[in-house]
Amino acid sequence: MPYVTQLVDKGTSHSFIAEAKPPTVTMPRIKALMTGSLPGFIDIIMNLNSPVLLEDSLIWQAKTAGKRIIFYGDDTWVKLFPKYFVEYDGTTSFFAPDFTEVDINVTRHLDTVLKREDWDILILHYLGLDHIGHISGPNSPLVGPKLQEMDKILKKIHLSLLSKEGEASLPNLLVVCSDHGMSETGSHGGSSEEEVHTPLLFVSSAFTKRSGSLKQPELVQQIDLAATLAIGLGLPISRNSIGNLILPVIEGKTMREQLRFLHLNGFQLSQLLQANVPAYEKDPGFEHFKVAEKSHGNWIRLYLEENSSEVLLNLGKKVLKQYLEALKILSSSLSKQVAQYDMYSMMVGTTIILEVLFLLLLSLPKALSSRAEFEVPLSSPLFSLLFYLICLMLCTVHVIVCTSAESLCYFCSISWLISVGVMMLISALMCIILSALGKIFMNNKLPAKNSAVSNSSWSELDVLILAGTLGHVLSLGASSFIEEEHQTWYFLINTLCLAVCQEICRHYFLLKESDFQFSTVLKQSVEDFKETGHFKQVDVPACDSKLNKFATSAELRKGSEKWIGLASPWIILICCRLLRSLNQTGVQWAHRPDFGHWLTSSEHKDELSLLAAISLVMIFILVQRRCSLVSKIAMALGLLGIYSYRAAIGNVVFPWQQSNKDVSKGIIEARFVYVFVLGIIFTGTKDVLRSQVISADSKTKVTGLWEIYSGLVLLAALLFRPHNLPVLVFCLLIQLIMTRCIWTPLKFDAAQITIMHYWFGQAFFYFQGNSNSIATVDVSAGFVGLDNYVEIPAIFLTTFATFAGPFLWAIHLLCYLSSEGSRHSAAMGHGCFCYALLHSIPVAVYIILVTGLRYHLFIWSVFSPKLLYEGMHVFITAAICVFFTAMDQKQSQKIQD
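Residues numbered from 1 in each chain as written. Predicted model: local features only at pLDDT ≥ 70, side-chain atom pairs only at ≥ 80, totals over all residues. Heavy atoms only, no water.

Caption draft 1: Inspection of the overall build of the protein chain at higher detail. Check the secondary structure of the protein chain and you find 37 helices and 7 strands. Within the protein chain, the proportion of its 897 residues that are buried is 49%. In the protein chain, the share of contacts with a sequence separation of at least 24, taken over all contacts with a separation of at least 6, comes to 75%. Accessible surface computed for the protein chain: about 44,900 Å², of which carbon and sulfur atoms make up 63%. (Helix = DSSP H or I, 4+ residues; strand = E, 2+ residues; numbered from the N terminus. Buried < 20%, exposed > 50% of the residue type's maximum accessible area, 1.4 Å probe, protein only. Contact = heavy atoms within 4.5 Å. Areas by Shrake-Rupley, 256 points an atom, 1.4 Å probe, with all protein chains shown as cover.)

Shown next as structure tokens:
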């Protein structure tokens, strides 16, 4: 950007680094830029469909003052400020594959609007650079040309403004800024330095021309822009702004004007402090402001008395420093206090979650029994006097809170019908829990009819599973453990592999005595058969020969199974270690180069293409085993379509592809794959539905489930970036190894297998390159095969691509338990219950921890993003449990009966 560089180095400009606060997504950052306040983290959800901004803002103040505002660009502005612009043209910001049209739609208005005189403020929001980052990353060859395009546009705007200044009474101001930065992967939403540091450039002929060497840009807060622009435009500062005036921008003004501007800023912050802090007079910032205000009064008296300029200047500098110190402390105090928490709504939600968790824990013995019963006694609690008393009490509390609440409460803003329904739900859950506790207490008091005591004891694997689950839950109270949660899961699955290795050794070496006993019994039976003279026509020597051959082949097969079983945990450990090298994640080591960065660089496209092709072939080999012939053909064509799609958008190359071939959107290729995905899933669903009608046909149901799983694997392969395809290959490979060499031979029960699936699903979430930061969400996956933004498909595809690891392992668990005919009929019920309980415990504990740590320093940058991930994971877990219940043949028979 040569022209902008020249303005920064030698022009009449001021350049800064503006620090944005998380979440670094568009809508919250626009709110911060225009209001000077800190948006809530829920704005990440609101970002999908921005509501009207009712808060006091720079745009509202400008409109009230009669300023004529024109806007072109991201339609988020139009949604936030729908009636504030005299002219606007919005473009959708969510269709990331569009690099050019979104910017052309803005630039095409420039030549006309720059010649006009009927506007006061012109806002342009370009999206092309952001979209390139999402799709191709910050090192894409498309970034350079896009920056050159932006440089030419800024040059055109600046020269046009300069040409008008002879006629205008006041100088124009050009502000170049960004709503957020970009991570090393091209995404944003987190709190890394690359995401929160944004450029901020003021260009105006009112500034003095730069001379001398360029200094390092000063670090300011992004929220400071609202206060600075308000002062510069002669507008009141927004009521809820906690930003400070950027002093270098007004340093060309007289001392009297500078002090007046700083006093206006300080007065606005002190008023905001009084509205939010009861004991505001004791706040250090307020005390500093009052001292500065008093010194300012003394300076004005000296100024009016026309005292000596040197004394006046020294006192003015002193007052200036006092104001700046007061503004800094006031802003810091307000940033901690302005975050208003809706504690009533939070407590209602937490109560429901804890009641559900407690009910799950009380049902644990019966749910994991041989009958797999999850009994919820409804009739007696719901018609009891206690239920109505609790419901009446909660409704009374609700009325008192909502009528006396000074601040806005979400739970009070919803309709009374929904509120009463929630109160009834809480009351019902409470009565059900009390009823269940009463039954347990009565059963313990009654003498046991069966004196047989269970001799079941805990194995080392059970102790490890319990310790690992509790250890992970406790680790959620530390911000560092949340930032590096992938390390916890990597450690747990590695330890699990070692524990499984011990179980395999015990199975094959310590249990050999039973094999010897079986061999002795077999030989004795043969000897008895020889000694008895029955069946003279039988050729005994021939039988001996065949028996020896059978015994030899059985021993060889047994020996090969033993050594393959012993090697399987170590093969899994090697696979996990390779996956850790593919994607660096977390915070501490995310900046370090990994194999994924090496593959995605433009110099290694051939290597990436070869790896992607091999991975797709391996996926076909590992998945097609349990599919029908039609599904195998569809799978092969779908995988070929995936490679064609990646070649079409320029990620990989065909051997015969020309290097200068234009990169397309690959819409046709992606939709070609979607046809096969839907076809395979439809075929599997048809078989499953048929098996539900014919309850005895379990083989059809198993085939259908495996075909649904195969269709989801094909969808994941389409949405994954090419360098992440090995993650899918290793996922399928580990599942195959554990099925054949660990779970089936060692006869683990359904609960243990469920926990192993859950652990590996969590680990593969991080193997994909995900973390607890919003920045690692691959937004580009939501637009595969779409030529414009369609909200529901985009959300579904992005969610599936992000949680593909846990989702595929959960569906594999369902397929495995269904296909194991030798297992107890309650295995499906055990698996469903354990999966629900495994995720309910950490979620419930984490919600309590976050509530207690709501004033923690890292509540917005670390704890809140994790809470959003957990919330989405709860929805996925609920969907999986519903699918489990629907596929449980035992439950289906109960419903039919």
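Resuming the write-up.
Caption draft 2: Summary view of the sheet that holds strand 7 (residues 218-221). Judged by pairing direction, the sheet is mixed, and its 4 strands sit side by side in the order 5-6-1-7 without closing on themselves. Bordering the open sheet on either side are strand 5 (174-177) and strand 7, each of which pairs with just one other strand. When the angles between neighbouring strand axes are averaged without regard to direction, this sheet yields 30 degrees. Examined bridge by bridge, strand 1 (residues 13-19) and strand 7 share 4 bridges and lie parallel to one another. Opposite glutamate 19, over in strand 7, you have glutamine 221 as the bridge partner. On the sheet, helix 9 (residues 143-164) packs against strand 5 and strand 6 (197-203) and is oriented at approximately 160 degrees with respect to strand 5. (Pairing = 2+ DSSP bridges. Axes fitted to C-alpha atoms, helices over the stretch in contact; angles between N-to-C directions.)

Caption draft 3: The arrangement of the pairing of strand 4 (residues 121-125) in detail. Taking every second residue as pointing to the same face, the buried face of strand 4 carries Ile121, Ile123 and His125, while none of Leu122 and Leu124 on the other face is buried. When strand 2 (residues 69-74) meets strand 4, the two strands line up parallel, connected through 5 bridges. Among the inter-strand pairings, isoleucine 69 is bridged to a residue of strand 4, identified as isoleucine 121.

Caption draft 4: Fine view of the nonpolar core. Counting residues in each nonpolar core, the largest one holds 117 residues, and the members touching the most others are Ile619 and Phe760. Setting aside anything within four residues of it in sequence, one finds phenylalanine 760 in contact with Ile493, Leu496, Cys497, Ile572, Cys576, Ile734, Met738 and Trp809. Counting residues in each nonpolar core, the second largest holds 62 residues, with Trp77, Ile242, Val249 and Phe289 among its members. (Core = buried A, V, L, I, M, F, W, Y, C linked by side-chain atoms within 4.5 Å.)

Caption draft 5: Expanded view of the state of the cysteines. By the definition in use, this model includes 1 disulfide. The partner cysteine of cysteine 402 in its disulfide is cysteine 412, sulfur to sulfur 2.0 Å. On the sign convention where negative means left-handed, the S-S torsion of about -85 degrees between cysteine 402 and cysteine 412 marks this disulfide as left-handed. Of this pair, cysteine 402 sits in helix 18 (residues 385-404) while cysteine 412 sits in helix 19 (residues 410-413); the two residues are 10 residues apart in sequence, bridging distant segments of the chain. On the basis of relative accessibility, which here comes to 21%, the residue cysteine 402 falls in the partly exposed class. Unpaired in terms of disulfides, cysteine 391 finds its nearest cysteine sulfur in cysteine 395, a separation of 4.3 Å. (Disulfide = S-S within 2.5 Å.)

Caption draft 6: Region of interest: the packing of helix 30 (residues 698-719) against helix 34 (residues 804-819). Following both chains from N to C, one finds helix 30 and helix 34 inclined at 165 degrees, their axes separated by 9 Å at the closest point. Considering their axes alone, helix 30 and helix 34 lie roughly antiparallel with respect to each other. Where helix 30 crosses over helix 34, the two elements pack in a sense that is left-handed. Here helix 30 contributes Lys701, Val702, Leu705, Trp706, Tyr709, Leu712, Val713 and Ala716 to the contact with helix 34, which in turn contributes Phe807, Leu808, Ile811, His812, Leu814, Cys815, Tyr816, Ser818 and Ser819. A class-by-class count of the residues in the contact of helix 30 with helix 34 yields 13 nonpolar, 3 polar and 1 charged. (Parallel < 35°, antiparallel > 145°, perpendicular 65-115°, else oblique. Left-handed = near helix turned anticlockwise from the far one by under 90°. Nonpolar A, V, L, I, M, F, W, Y, C, P; charged D, E, K, R; others polar.)

Caption draft 7: Layout of the sheet that holds strand 3 (residues 87-91). In spatial order, the strands read 3-2-4; together these 3 strands make up an open sheet with parallel pairing. Each edge of the open sheet is held by one strand with a lone partner, namely strand 3 and strand 4. Sheet twist, expressed as the average angle between the axes of neighbouring strands with direction ignored, equals 5 degrees.

Caption draft 8: Seen up close, helix 9. The terminal C-alpha atoms of helix 9 lie 32 Å apart, and with 22 residues this matches the ideal 32 Å at 1.5 Å per residue to within 8%. Within helix 9, the full set of buried residues consists of Val143, Lys146, Met150, Asp151, Ile153, Leu154, Ile157, His158, Ser160, Leu161 and Lys164. (Expected span 1.5 Å × (residues − 1).)

Caption draft 9: Spotlight on the pattern of salt bridges. Here the structure, examined in full by the defined rule, presents 14 salt bridges. Note that lysine 146 and glutamate 149 form a salt bridge whose closest N and O atoms lie 3.1 Å from each other. Placement of both lysine 146 and glutamate 149 in helix 9 is noted, with a separation of 3 residues, approximately one turn of the helix. Here glutamate 149 falls in the partly exposed class, since its relative accessible area comes to 28%. A salt bridge links lysine 290 to glutamate 293; the nearest nitrogen and oxygen atoms lie 3.3 Å apart. Within this pair, lysine 290 and its partner glutamate 293 are both found in helix 13 (residues 284-304), separated by 3 residues, close to a single helical turn. In this structure lysine 290 comes out as partly exposed when scored by relative accessible area, which is 40%. Residue classification places glutamate 293 among the partly exposed residues on the basis of a relative accessible area of 24%. (Salt bridge = Lys/Arg side-chain N within 4 Å of Asp/Glu carboxyl O.)

Caption draft 10: Broad picture of the packing of aromatic side chains. Counted by the stated rule, this structure contains 27 aromatic pairs. When the centroid spacing of 6.2 Å and the interplanar angle of 45 degrees are considered together, the rings of phenylalanine 289 and tyrosine 323 count as tilted. Of this pair, phenylalanine 289 sits in helix 13 while tyrosine 323 is found in helix 14 (residues 309-337), placing the two residues 34 residues apart along the sequence. Members of the aromatic cluster, joined through ring pairs, are Phe71, Trp77, Phe81, Tyr84 and Phe85. (Phe/Tyr/Trp six-rings, centres within 6.5 Å; stacked < 30°, edge-to-face > 60°.)

Caption draft 11: Representation of helix 18 in the model. The terminal C-alpha atoms of helix 18 lie 29 Å apart, and with 20 residues this matches the ideal 28 Å at 1.5 Å per residue to within 8%. Buried residues of helix 18: Phe387, Ile390, Cys391, Leu394 and His398, and no others. For helix 18, the arc enclosing every buried residue in end-on projection is 100 degrees, short of the 170-degree limit, so these residues lie on one face. In helix 18, the exposed positions angled more than 90 degrees off the buried face are occupied by Leu385, Leu392, Ile400 and Thr403. (Arc of directions from axis to C-beta.)

Caption draft 12: View of unusual backbone geometry. Residue proline 23 is bonded to the preceding proline 22 through a cis peptide linkage, with omega at 5 degrees. Tracing the backbone shows proline 23 in the loop between strand 1 and helix 2 (26-35).

Caption draft 13: View of the environment of valine 653. Checked against the element boundaries, valine 653 lands in the loop between helix 28 (629-648) and helix 29 (667-693). Since its relative accessible area comes to 22%, valine 653 is described here as partly exposed. Sequence separation between valine 653 and leucine 610 is 43 residues, and the spatial gap between their C-alpha atoms is 9.0 Å. In contact with valine 653, other than residues within four places in its own chain, are Lys605, Asp606, Ser609 and Tyr643.

Caption draft 14: Region of the structure containing the environment of phenylalanine 884. Its location among the elements puts phenylalanine 884 in helix 36 (residues 859-887). Assessed through its relative accessible area of 2%, phenylalanine 884 is described here as buried. For the pair phenylalanine 884 and methionine 828, spaced 56 residues apart in sequence, the C-alpha separation works out to 7.1 Å. Leave out the neighbours within four places in its chain, and phenylalanine 884 touches Ala810, Leu813, Leu814, Leu817, Met828, Gly831 and Cys832.

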